[in-house]
Every structure is written in C-alpha cells, then in structure tokens.
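Structure at a glance
Each chain, letter by letter, is given below.
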Amino acid sequence: MLELSVLAVRDCPNCPVLLERLGPVLADYPDARVTRHVVTDEAEAVRLGMRGSPTLLVNGSDPFAAPGSQASLSCRVYRDESGQSQGAPSVAALRRAVRQAAGAAAGPEMPGAAGPAPGRLAPVAGGLRAVQQRVLRSFGRGAAGRAGLGRLAPVSGGLRAVQQRVLRSFAENGGPPAMTELDQAAAPYGAGGRAVLAQMHAEDFLRLDPAGAISTAYPFSAVPTPHVVRIDGGPEVFSMCAIDALGIAAMTDRAVTICSAEPGTGVPVTVTVQAGGDRAVWDPGDAVVYEGEQHSSGSCAPPDAVVPSVAADACCGFINFFASRGSAAAWAAAHPEVTGRTLSQKEALAAGNRIFGSLLRARL
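Note that the coordinates shown come from a computational prediction; the quantities given were computed from them, not determined experimentally.

Time to look at the confidence of the model for the protein chain. Predicted confidence across the protein chain gives a mean pLDDT of 84, with 83% of residues reaching 70 or more. Overall, residues 107–121 carries pLDDT values under 50, and its contacts beyond four positions in sequence, including any with other chains, amount to 15 contacts. With pLDDT under 50 throughout, residues 296–308 is counted as low confidence; its partners more than four residues away or in other chains account for 25 contacts.

Let's shift gears to the packing of aromatic side chains. One pass over the structure, following the stated rule, counts five aromatic pairs. Taking the centre distance of 5.8 Å and the plane angle of 90° together, the rings of F64 and Y78 count as edge-to-face. With a gap of 14 residues between them, F64 in the loop between β4 (55–58) and β5 (72–75) and Y78 in strand β6 (residues 78–79) connect regions that are remote in the sequence. Of the residues examined, Y78 reaches a relative accessible area of 6% and is grouped as buried. Where F170 meets F220, the ring centres are 5.3 Å apart and the plane angle is 5°; that geometry is what we call stacked. Taken together, the residues span a long stretch of sequence, with F170 in helix α5 (residues 159–173) and F220 in strand β10 (residues 220–221) at a distance of 50 residues.

Moving on: the sheet that holds strand β16 (residues 288–293). Taken together, three strands build an open sheet; the order of strands is β17-β16-β18 and the sheet is antiparallel. Since the sheet does not close on itself, it has two edges, and those belong to β17 (319–322) and β18 (339–343), each with one partner. With direction set aside, neighbouring strand axes in the sheet form an average angle of 20°. Across five bridges, β16 lies against β18 in antiparallel orientation. Looking at the pairing, V289 lines up with L343 of β18. Its contacts with the sheet put helix α8 (residues 242–252) on β16, β17 and β18, and the angle it makes with β17 is roughly 80°.

The next subject is the packing of α5 against helix α7 (residues 193–202). For the pair α5 and α7, the least separation of the axes is 10 Å and the interaxial angle reads 90°. By the angle class used here, α5 and α7 are roughly perpendicular. Contacts between α5 and α7 involve L159, V162 and Q163 from the first element and V196, L197, Q199 and M200 from the second. Here the contact of α5 with α7 is composed, by residue class, of five nonpolar, two polar and no charged.

So, on to the pairing of strand β15 (residues 280–283). Bridging between strand β14 (residues 268–273) and β15 involves four bridges; their strand directions are antiparallel. What sits directly across from V273, in β15, is A280.

Taken together, the eight strands give an open sheet; going across it, the order is β8-β9-β10-β12-β11-β13-β14-β15, and neighbouring strands pair in antiparallel fashion. Either end of the sheet is taken by a strand with one partner, and the two such strands are β8 (207–208) and β15. With six bridges connecting them, strand β13 (residues 256–261) and β14 associate as antiparallel partners. Bridging across to β14, I258 finds its partner in V271. Here α5 sits on the sheet in contact with β9 (214–217), β10, β11 (227–231) and β12 (236–239), set at roughly 90° to β9.

What describes two packed helices is the angle between their axes and the distance between those same axes. For the pair α8 and helix α11 (residues 345–356), interaxial distance at closest approach is 7 Å and the crossing angle is 60°. With respect to α11, the element α8 is oriented oblique. Read as a crossing pair, α8 and α11 show a hand that is right-handed. In this structure, α8 contributes I243, D244, L246, G247, A250 and M251 to the contact, and α11 contributes A348, L349, A351, G352, N353, I355 and F356.

What follows concerns α11. With twelve residues, α11 should reach 16 Å at 1.5 Å per residue; the first-to-last C-alpha distance of 17 Å fits that figure. Of the positions making up α11, those classed as buried are A348, L349, A351, G352, I355 and F356. Mapping the buried residues of α11 onto a view down its axis gives an arc of 155°, with all of them on the same face. At its buried positions, α11 is contacted by α8, β14, β15, β16 and β18.

Quick look at α7 now. Within the span of α7, buried status applies to G193, V196, L197, Q199 and M200. Seen end-on, α7 carries its buried residues on one side only, within an arc spanning 165°. Phi turns positive one or two residues past the end of α7, at D204, with a value near 60°.

With that settled, the discussion passes to unusual backbone geometry. That bond from S53 to P54 is cis: its omega, 0°, falls within 30 degrees of zero. Tracing the backbone through its elements, the reader meets P54 in the loop between β3 (51–53) and β4. Omega for the bond connecting D283 with P284 falls within 30 degrees of zero, at 5°, which places this linkage in the cis form. With respect to the helices, strands and loops of the structure, P284 is situated in the loop between β15 and β16. With phi around 60°, D11 is a residue other than glycine that occupies positive phi space. Tracing the backbone shows D11 in the loop between β1 (3–8) and α1 (15–26). With phi around 60°, D204 is a residue other than glycine that occupies positive phi space. On the basis of relative accessibility, which here comes to 8%, the residue D204 falls in the buried class.

Parameters and conventions
Throughout, a residue's number is its position along its own chain's written sequence, starting from 1. Only residues with pLDDT of at least 70 are given local features in this predicted model, and only at 80 or more are side-chain atom pairs given and counted; all residues enter the totals for whole chains, interfaces and linings. Based on all heavy atoms of the structure, the side-chain values leave hydrogens and waters out of the count. Per-residue confidence from the predictor is reported as pLDDT, which spans 0 to 100. Contacts were defined at the residue level, with two residues in contact if any of their heavy atoms lie within 4.5 Å. Pairing of aromatic rings covers Phe, Tyr and the six-membered ring of Trp, with a centre-to-centre limit of 6.5 Å; geometry is then stacked below 30 degrees between planes, edge-to-face above 60, and tilted otherwise. Helix numbering and strand numbering both begin at the N terminus, where a helix is a DSSP run of H or I of at least 4 residues and a strand a DSSP run of E of at least 2. Exposure classes here rest on a 1.4 Å probe applied to the protein chains alone. A residue is buried below 20% of its type maximum, exposed above 50%, and partly exposed in between. Strands are treated as partners if at least two bridges between them are detected by DSSP. Helix axes are fitted to C-alpha atoms over the stretch in contact, other axes to C-alpha atoms as well, and angles between N-to-C directions run from 0 to 180 degrees. Roughly parallel means an angle under 35 degrees; roughly antiparallel means over 145; roughly perpendicular covers 65 to 115; every other angle is labelled oblique. Residue polarity follows a fixed list, in which Ala, Val, Leu, Ile, Met, Phe, Trp, Tyr, Cys and Pro are nonpolar, Asp, Glu, Lys and Arg are charged, and the others, Gly among them, are polar. The handedness criterion is simple: a crossing whose near helix is rotated anticlockwise from the far helix by less than a right angle is left-handed, and one whose near helix is rotated clockwise is right-handed. Helix span is expected to be 1.5 Å times the residue number reduced by one. Note that the arc is computed from the directions linking the helix axis to the C-beta atoms.

Right, here's the structure in full:
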C-alpha cells in the first residue's frame, strides 16, 4: 500500500498545485492513502523531513530530494522535464516516483510475472481500463470531493474528531457547536479546537469566516443557500450544493426532504431521500443535477498550472438542481466560464452518498 504525505506551510500557494497534479497519478492507485501536514516551525520541518514547501513523501521518503538538501520552511523549487522552475513536481515526475515506490512495495516479481506490479491499474484488453478510469473519474474527483482526496478528515491531530463533532451539531441542532465542545474533541490528541479548525480550513474540510466562526461544514452551510434540507426528526438546515444536499440522508441515516430551485428561472425542485440514501423521489420527475466547476489560478503558481480553489468558491455555487436536462443545458450554454456535466438522478444521488456517506460512521 502506498502512503503519501504532503508537507507544507500554512497557505502555501503551491500545495494545491501538488494535490491537483497527484489526482490523475493516484487514479491508478485507488488504495493509496494521502495525509497532509501543516508545518509551523523549523523543528517540525526537521522532524518530518520537509525540504521546502511543499514536500511530498512517498512511503516515508522524499523522491525529489537533492543530495545535501536541508529541512526548510522556504518555498521549494522543482525542475520539470524541460528544466523550467515550478512550485510542484510535474505530473510525469510524480507518476515516475509513485510507480517506483509501488514497485518497491510490491517486492520482487513472482515467477511467470509479465512485469512489475502496476498497482491497481486494469488492463486495456476488453475495455477494463476504460471502465475503471471512468468509475474513478466519477468518484468525487473535482473540488466537491477534494480532487479525489475525499471529505473524510484524517484521524491525526484530532481533525476527524472535530469534524464529526461539527457535523453532528449541524445534523442535530442546525448549527455549529460551541468552542468548548471542539476543545473537548481535540484534547485527546493534544490539540485545541481553534487550532484544529484552522488546519481544517487550510485543507478545505470546512470554511471559517473572517471572525474565525464556522461558515461551512460540508455538506452544511451556516448561512442561507438555495438548498434547504429538512432532516426527519431533526432541524432544517442549508446545504452547500445539490450533491451535498443529496448526501445528507446517507450521512445521518435519516430521511430528508430537499427544497431547491433552478438558478435563474426559480422553478422549484423537491427531492425526498430515504434514510441511508438508497432511494429518492424527485419532483419534477425529469429533474437532474448540473455539476459545474470554475477554476482559478494562484498568483504564485506556474502560468500553465490549474490551481483549484476551495469547493465553496470553485464549485458549490455551480452544482444545482434543474427541472430537466434541457434547462440544465440552457443554463450551461449561457455560462461558458463554468465547465461541467449533467448528472442523472441516480448519478447525483450516488455522488452525494460516496462523498458524505461515511463521514459520521468512520472510526476515530
């Protein structure tokens, strides 16, 4: 199994570049585990082995470390295949490093093997690889699913404990918990609630407003949005987008009723999802979800790099319910700055369940 660690200083502009480039590489290794660490001082950089921000460790080793390089909090510079300076390794360089690590982890070839183990990459024959890649691309690999890294926060540092405390508070009370509750959740990990929230904000597990209060805890919004979700036996809440709304039933194991409307026209769309998220009833019966995303480039990124913004900025406003495929297509044609696709009812519900279904069931 591959273990990848991304080490970076807080708000490093090239960390999102690295994560974006890892996306297509890790499509071939769906069992790979990625963790992220915000490094705050030189001592921590030495302890973790960060030779500039961002640094990628693959199975504990830095495949891009130059001989004699030292731990540092400074911006790290990488050279691409043409010798140009970049703030993150190229996709080709990442693919080579991960492939080499995967081969080493697999050990020597077994007798009769045709070649080194290619991770979980399906063969081309019979269309197996095409099907595999289509499935992986559908598995929340855009900003909504953190570029394939998922919405489930890691256990380390108390992130998952705080995340689950926040989500339960929204599901049960309609809003975020008090800071004292978050301090209690983070205490077993030697952390404070406010520090954990700051790290979760940096890694887009939630969003904080300028005053440090929780404004977004995907799939919930602390401020009004077009998507109102009535939780059976619980509160009425707002969700960040259509897919987020559809994932709440699976996450809470409660039935929900979603009341939304088409952007622009205001035509109402209502979806009732059974507890657990297995089935849903849509009104109108031909309603769909348009999954859109708008990218922006960071000022310190290479000119040709696509730097994904946080989901709240990049896609949540562009993932909406529509009464029909025709109305979704008309909206998309009128907004060429947004790229995306129309999801069927089955696809949209499955996406919500995949991204959010496990958040409250995962172990600490």
